[in-house]
Amino acid sequence: MLMGRGREARLHYLAGTFRLLAAGDFVRCAETQAAIPLDELRYWSVDRQEAYVDAAAASAAERRAATRR
């Protein structure tokens, strides 16, 4: 999905899908800051509107959020 020529996309995360708000090729992982190509994006939080590079990063974000409650 090469729409933004190396630019970061802006997304709205929904349950099971996401909506493109600003064109781009990737988003940043909220935990690691790694670039995640949109066609490889599998993990995100609807509540926090954050993307994660993998299951480990998503779990770390859940732990982080639980300690802030």
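Each chain carries its own residue numbering, running from 1 in the written order of its sequence. Thresholds applied to this predicted model are a pLDDT of at least 70 for local features of residues and 80 or more for the giving and counting of side-chain atom pairs; totals over whole chains, interfaces and linings are not thresholded and use all residues. Processing note: side-chain calculations cover all non-hydrogen atoms of the structure and skip hydrogens and water entirely.

Novice: For the nonpolar core, give the residues involved together with the corresponding values.
Specialist: Only buried residues count toward a nonpolar core, which is a set of Ala, Val, Leu, Ile, Met, Phe, Trp, Tyr and Cys residues joined through side-chain atoms within 4.5 Å. Under the scheme applied here, a residue whose accessible area is under 20% of the maximum for its type counts as buried, over 50% as exposed, and between as partly exposed, the area being computed with a 1.4 Å probe on protein chains only. Core analysis: the biggest nonpolar cluster contains 13 residues, and L11, Y13, V27, I36, L41, A51 and Y52 have the highest contact counts within it. By definition, any uninterrupted DSSP run of H or I lasting at least four residues is a helix, any uninterrupted run of E lasting at least two residues is a strand, and each is numbered from the N terminus. By residue number, the principal contributor to this core is helix α1 (residues 55-67), which donates three residues.

Novice: Break down α1 for me, citing the residues and quoting the values.
Specialist: With 13 residues, α1 should cover 18 Å at 1.5 Å per step; its first-to-last C-alpha distance of 19 Å lies within 8% of that length. For α1, every residue scored as buried is listed here: A57, A58, A60, A61 and A65. Taken down its axis, α1 places every buried residue within 160 degrees of arc, on the same side. Of the residues in α1, the exposed ones pointing more than 90 degrees away from the buried face are A56, R63 and T67. Residue contacts follow a heavy-atom distance rule, with two residues in contact if any of their heavy atoms lie within 4.5 Å. Contacts from the buried residues of α1 go to β5 (43-45) and β6 (50-52). With a side-chain oxygen lying 3.3 Å from the backbone nitrogen of A56, the N-terminal cap of α1 falls on D54. The span one expects for a helix is its residue count, reduced by one, times 1.5 Å. By arc we mean the arc of the directions from the helix axis to the C-beta atoms, nothing more. We call two N or O atoms a polar contact when they sit within 3.5 Å, provided that within protein one can donate a hydrogen and the other can accept it, with sequence-adjacent residues counted only if both atoms are side-chain atoms.

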